[in-house]
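Residue-level listing of the chains:
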Protein chains: 2
Amino acid sequence: MAKPKKPQRPKAEAPKGFRDYFGNDVTQRGEMLKAIADVYHRYGFDALETSAVETVEALGKFLPDVDRPNEGVFAWQEDSEGDKPGDWLALRYDMTAPLARVYAEHRNELPNPYRRYAMGPVWRNEKPGPGRFRQFYQCDADTVGSASMAADAEICAMLSDTLESVGIPRGDYVVRVNNRKVLNGVMEVAGVLDPSDPDKFASERGIVLRAIDKLDRLGLDGVRALLGKGRKDDSGDYTDGAGLTDEQADIVMGFMQAKRDTGAETLARLSELVQGSETGVAGVNELKTIEYLLSEGGYGPDRIEIDPSVVRGLGYYTGPVYEAELTFEILDEKGRKRNFGSVAGGGRYDDLVKRFTGQEVPATGVSIGVDRLLAALQAKGRMEAETVGPVVVTVMDRGRMADYQAMVTELRQVGIRAEVYLGNPKNFGNQLKYADKRSSPIAVIEGGDEKERGVIQIKDLVLGAKIAETASLEEWKGLPSQYEVPRGQLVAKVQEILNND
Amino acid sequence: MAKPKKPQRPKAEAPKGFRDYFGNDVTQRGEMLKAIADVYHRYGFDALETSAVETVEALGKFLPDVDRPNEGVFAWQEDSEGDKPGDWLALRYDMTAPLARVYAEHRNELPNPYRRYAMGPVWRNEKPGPGRFRQFYQCDADTVGSASMAADAEICAMLSDTLESVGIPRGDYVVRVNNRKVLNGVMEVAGVLDPSDPDKFASERGIVLRAIDKLDRLGLDGVRALLGKGRKDDSGDYTDGAGLTDEQADIVMGFMQAKRDTGAETLARLSELVQGSETGVAGVNELKTIEYLLSEGGYGPDRIEIDPSVVRGLGYYTGPVYEAELTFEILDEKGRKRNFGSVAGGGRYDDLVKRFTGQEVPATGVSIGVDRLLAALQAKGRMEAETVGPVVVTVMDRGRMADYQAMVTELRQVGIRAEVYLGNPKNFGNQLKYADKRSSPIAVIEGGDEKERGVIQIKDLVLGAKIAETASLEEWKGLPSQYEVPRGQLVAKVQEILNND
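Computed from a predicted model, the values in this text were never measured in an experiment.

**Q** An account of the overall build of chain A is requested, with residue identities and associated values reported.
**A** Each helix and strand in chain A was counted, giving 18 helices and 19 strands. For chain A, whose C-alpha radius of gyration is 29 Å, the value lies well above the compact-globule estimate of 23 Å for 501 residues. C-alpha atoms of chain A, sized along the principal axes, occupy 95 × 65 × 55 Å. Across the 501 residues of chain A, 47% fall into the buried class.

Structure representation (structure tokens):
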């Protein structure tokens, strides 16, 4: 494999569109995922972790974002073996395609239905941009092998429980449910779809789906333009529309705006809109079942509601679709208030396993955008950030490292995070800078003088942080936030200061 | 990018050398990693999660296993932008190379020394084989920016604490410490190395390192053959040796066998062996410091010992090297008793950051082989496996799903894992098979008759599991492990059975 000529020194940077996570961002994500996994587990879902790499053949062409059909996966070809060309391998772009592969591969051993959750990174070979990364976390739960609307209703209920469990209170989110069959029915009624020839109008249908999916961003007028001839955006760029007639577009717009004050009223309105379409009527009945199960289960419109404007861009959904939106406002990069928006979505899909086995296997599932949900929790102060670092034991005499190590061992034994300064101890100022950079709450000092007298200095850095960087050792030692205690009281005094901070 | 012609249906299998993890294997690994992270954190290490993808340029050619120099990374080229050819990207093959990149990239913002831990998958483009996978987990801790032997000693102590914390009791493991400088000194004395021209004999030195590293597998005679002319293995394959004279080989063998009953005696023996080599004397002094710090810290030879036969194959180590071995026996695939062997290793390295910045940055760190350690804990029964699945509420009347959902909601609210059967409820036997496959402890039944009488049937499946698969519903209902209770006692009765099981 030919590789590019190397410059003298390699550039120290992550590839474009990739990023590193430090400290709290790692541990908080871990805590959030654990809380989510606990809910999924209680609902009966089992953990599954597939390999990050799949054959391109197994992944198929199910890249979810139909808006960017040219963008894809990170793929490479294996070395050939003799005459046999190597397989093409690729990084998974979501958790659903690998699930379909695993289910097809192990279907005889797995329970049926198979209910699993999966969490981990996925990769998209997209053009990186501000806030758009090529590796990000997903956290999915799917029920494979169940055609029952109870499975969809349960995923919606679980999503609601999950959000509350990680710290989004009721009222700050809503799970919206819709059904693709209803939209298809509406499009049949409008003449945009032909039930006897589903492939006809396929591209128009795709444009309609994507247009509705942009309601948040473009507003009603923008969507209306995209349903018709097309739309020129603020930059002057023109996007072709679906080419619907005014009458057809009105019908689709009517569907999007069919939401009423109660679920029952919305369902009644949808029934009117799909009259004459078998698919549409079936979709409304599915929605009715879901609505019934959820409201019986106590998941009322304060948590989950029927909303015909939800369509989800993803092409492979065949029935119910759902998404979770956080409804509180945040300030965007320009300081404007905006709704936080969607953090999870999913729906029912039937064809993913069929690709492998020829048998249609009904499935439904949800994917949580982990990074977005974590950002929301951080923005709302719902994640406990570790703001203080370890206790730092400074090194006054490098020949007495064993003494210093003994101190941190004592502290660690009672669960206090602690470390000896391991850099070059010659410059004491560097030790204080280090403690500052670590956000250490406490520094411990035992010079030769202290050692002789059997005492140590314990410095409360939370009190003294601001002056520590400039003061000399002597000044610093005289500051009121420093205590001299007998060596034997190290742990007790540190605990006392930590409890007061 | 040309892709192979697709067959009619894709094969449902993971690529060769990759595997999926189900249920307990996922959750137990998560628990183990959490326990490890807690120890690392208490020692003052911060979490870092780098992207899985790096530029090939940044990764460099530090593939650890010098035994297989032709095997490497999974790499691909980015699309070109205009005239500019795309960068080569690759999956990380370990956690150390990305750490060097991150440290070089962020060195002005990071504390110095920088102490971080990292856990996650790494990828190796090796030929897959039995038990050899191309994706596996590593869990590392490194201190970058410290030349102090206290940093190495601390990593050894932390490794010891970590093993005990995850469930390997003292006595079942040993952390062995050695120093590359001592080996280099011995090789100088033997004339295998020339301190004034370190590149001379480089390949001989590599062969010596790898030969010593194989002591476990080949025994003393095998290593001796590889130090000399070479070795023919059982299959008749011949491996070229380092070409040392008998006298030289004797000196190296003497080093490997320099371990004595106590650390002090071993160090004394090593001092004799390196006489006349400045590097060797420096190495012995480093080992003395480590040994002193560890024994002062209470980490005696029952946990950590000096062992000159430890060299670690990895080419980039420059000073102390260490590894953790589990000393208990397990049965191998052929039923023979064997020592479990190494589960972690590491050492000091200086050149990784220098590649980027030109500045030498001393660093030392350890990597735990997560899959091997987990396998050891599972083999010893130290991981709590979840052997029972969720309570399954069966569906006797699909029109009453809301009733069944209400039952699982009640159970989940008190923390009991529960689910409604979501497959096709028509065949009740399938529901029981499902419960069996899920290892459900309890099935709940509420048919029309029960509903009318306000009762439910609660079946203890742990007692009744064996007969459940063949018995008819009527037989099954009459078995003694089934209880009829009022609907209102669902939670209480389930709790009672779970507590008794």
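**Q** How would you summarise the packing of helix α5 (residues 180-189) of chain A against helix α8 (residues 246-256) of chain A if you had to cite specific residues and measurements?
**A** All names here are of chain A. In the contact formed by α5 and α8, the axes pass within 9 Å of each other and the chain directions differ by 155°. Our classification of the angle between α5 and α8 gives roughly antiparallel. In the packing of α5 onto α8, the handedness of the crossing is right-handed. Contacts between α5 and α8 involve L183, V186, M187 and V189 on the former and, on the latter, I251, V252 and F255. Among the residues forming the contact of α5 with α8, the class breakdown is seven nonpolar, no polar and no charged.

**Q** Outline the environment of V144 of chain B, listing residues and values.
**A** Residues and elements named next belong to chain B. Looking at the element boundaries, V144 is found in strand β7 (residues 135-144). We classify V144 as buried; it has 27 C-beta atoms within 10 Å. For the pair V144 and V189, spaced 45 residues apart in sequence, the C-alpha separation works out to 32 Å. What V144 contacts, discounting residues up to four positions off in sequence, is L99, Y103, P113, Y114, V353, V361 and A363.

**Q** Give me the lowdown on the sheet that holds strand β15 (residues 391-393) of chain B, citing residues and values where you can.
**A** Residues and elements named next belong to chain B. Strands sit in the order β16-β15-β17-β18-β19 across an open sheet of five strands; the sheet is mixed. Where the open sheet ends on each side, the last strands, each with one partner, are β16 (418-420) and β19 (482-486). Direction aside, neighbouring strands of the sheet carry axes that sit 25° apart on average. Relative to β16, β15 is paired through three bridges, and the arrangement is parallel. Bridge pairing links V392 to E419 in β16.

**Q** Describe the sheet that holds strand β5 (residues 88-91) of chain A, with residues and values.
**A** All names here are of chain A. Sheet architecture is open: three strands sit in the order β3-β5-β4, paired in antiparallel fashion. Edge strands, defined here as strands with exactly one partner in the open sheet, are β3 (53-55) and β4 (75-77). Averaged over all pairs of adjacent strands, the angle between their axes in this sheet comes to 30°, without regard to strand direction.

**Q** If you had to explain the environment of S51 of chain B to someone new, which residues and values would you point to?
**A** Inspection of the secondary structure puts S51 of chain B in the loop between β2 (46-49) and β3 (53-55). Residue classification places S51 of chain B among the buried positions, given that 23 C-beta atoms sit within 10 Å. A C-alpha to C-alpha distance of 18 Å links S51 of chain B and L352 of chain B, two positions 301 residues apart in sequence. With sequence-adjacent residues up to four places away left out, S51 of chain B is seen in contact with A14, F18, R19, D20 and Q135 of chain A.

**Q** Would you mind going over the packing of helix α9 (residues 263-273) of chain A against helix α10 (residues 278-296) of chain A in detail, with residue names and values included?
**A** Residues and elements named next belong to chain A. Contact geometry for α9 and α10: axes closest at 10 Å, N-to-C directions at 170°. Our classification of the angle between α9 and α10 gives roughly antiparallel. On α10, the residues touching G263, L267, L270 and S271 of α9 are V284, L287, K288 and E291.

**Q** Could you give an account of the relation of the copies chain B and chain A, naming the residues involved and the relevant values?
**A** One copy of the chain maps onto the other through a rotation about an axis followed by a shift along the same axis. The two copies are related by a screw motion: chain B maps onto chain A through a turn of 180° and a shift of 0.0 Å along the axis, at an RMSD of 0.1 Å. Expressed as a symmetry operation, the mapping of one chain copy onto the other fits a two-fold axis. The position closest to the rotation axis in chain B is occupied by the C-alpha of W76 of chain B, lying 2.8 Å away. A shared binding surface is used by both copies, with 100% of the interface residues of chain B retained as interface residues in chain A.

**Q** Pulling in residues and values, what's your account of α8 of chain A?
**A** Residues and elements named next belong to chain A. If you check which residues of α8 are buried, you get Q248, A249, V252, F255 and M256. Seen from one end, α8 has its buried residues packed into an arc of 115°, which puts them on one side. For α8, exposure combined with an orientation more than 90 degrees from the buried face picks out D246 and E247. Considering only its buried residues, α8 is in contact with α5, α6 (202-213), α7 (215-227) and α9.

**Q** Before we move on, could you go through the interface of chain B and chain A and cite the residues and values that matter?
**A** With 83 residues of chain B in contact, the opposing surface of chain A contributes 83 residues. The biggest single contributor to the side of chain B that touches chain A is helix α13 (residues 401-413) of chain B, with six residues. In the side of chain B that touches chain A, the residues fall into 41 nonpolar, 20 polar and 22 charged. Both strand β1 (residues 21-22) of chain A and β2 of chain B contribute to a ladder of two bridges, which runs antiparallel. Looking across to β2 of chain B, one finds that F22 of chain A is bridged to L48 of chain B.

**Q** Just give me the short version of the pairing of β2 of chain B, but keep the residues and values in it.
**A** Both faces of the sheet carry side chains from a regular strand, because those side chains alternate between them. Residues and elements named next belong to chain B. The alternating pattern of β2 places D46 and L48 on one face and A47 and E49 on the opposite face, and all of these are buried. Looking at chain direction, β2 and strand β6 (residues 114-123) are connected through two bridges and run parallel. Each bridged residue has a counterpart across the sheet, and for A47 the counterpart in β6 is Y117.

**Q** Residue-level account of unusual backbone geometry, with values.
**A** The linkage connecting N112 of chain A with the following residue, P113 of chain A, adopts the cis geometry, with an omega of 0°. The phi dihedral of S439 of chain B falls on the positive side, at around 55°, and the residue is not glycine. Relative to the assigned elements, S439 of chain B resides in the loop between α14 (428-437) and β17 (442-445). Taking the C-beta count within 10 Å as the criterion, S439 of chain B has 16 such neighbours and is therefore assigned partly exposed.

**Q** Residue-level account of the pairing of strand β6 (residues 114-123) of chain A, with values.
**A** Residues and elements named next belong to chain A. Extensive coverage of β6 is indicated by the burial of nine of its ten residues. Of the pairings in the sheet, the one linking β6 to strand β7 (residues 135-144) comprises ten bridges and is antiparallel in character. Each residue of the ladder has a partner; that of W123, found in β7, is Q135.

**Q** Requested: an account of the environment of R92 of chain B, with residues and values cited.
**A** Residue and element names in this part refer to chain B. Along the chain, R92 turns up in the loop between β5 (88-91) and α3 (96-106). Owing to 25 C-beta atoms within 10 Å, R92 belongs among the buried residues under this scheme. Along the chain, R92 and P198 lie 106 residues apart, while their C-alpha atoms are 29 Å from each other. Once residues within four sequence positions are removed from consideration, R92 is found in contact with A52, E54, L59, A97, P98, V122 and W123.

**Q** Please give an account of the confidence of the model for chain A that cites residues and values.
**A** Residue and element names in this part refer to chain A. Looking at chain A, pLDDT values average 89 and 93% of them are 70 or higher. The secondary structure element of chain A with the lowest average pLDDT is helix α17 (residues 473-477), at 64, and the one with the highest is strand β2 (residues 46-49), at 98. For this predicted complex, the interface confidence score (ipTM) comes to 0.89, while the overall pTM stands at 0.90.

Rules used throughout
Residues numbered from 1 in each chain as written. Chains lettered and ligands numbered in written order. Predicted model: local features only at pLDDT ≥ 70, side-chain atom pairs only at ≥ 80, totals over all residues. Helix = DSSP H or I, 4+ residues; strand = E, 2+ residues; numbered from the N terminus. Rg over C-alpha atoms; globule rule 2.2 N^0.38 Å. Buried ≥ 20, exposed ≤ 12 C-beta atoms within 10 Å, placed from the backbone. Axes fitted to C-alpha atoms, helices over the stretch in contact; angles between N-to-C directions. Parallel < 35°, antiparallel > 145°, perpendicular 65-115°, else oblique. Left-handed = near helix turned anticlockwise from the far one by under 90°. Contact = placed C-beta atoms within 7 Å. Nonpolar A, V, L, I, M, F, W, Y, C, P; charged D, E, K, R; others polar. Pairing = 2+ DSSP bridges. Least-squares fit on C-alpha atoms with pLDDT ≥ 70 in both. Arc of directions from axis to C-beta. pLDDT = per-residue confidence, 0-100.

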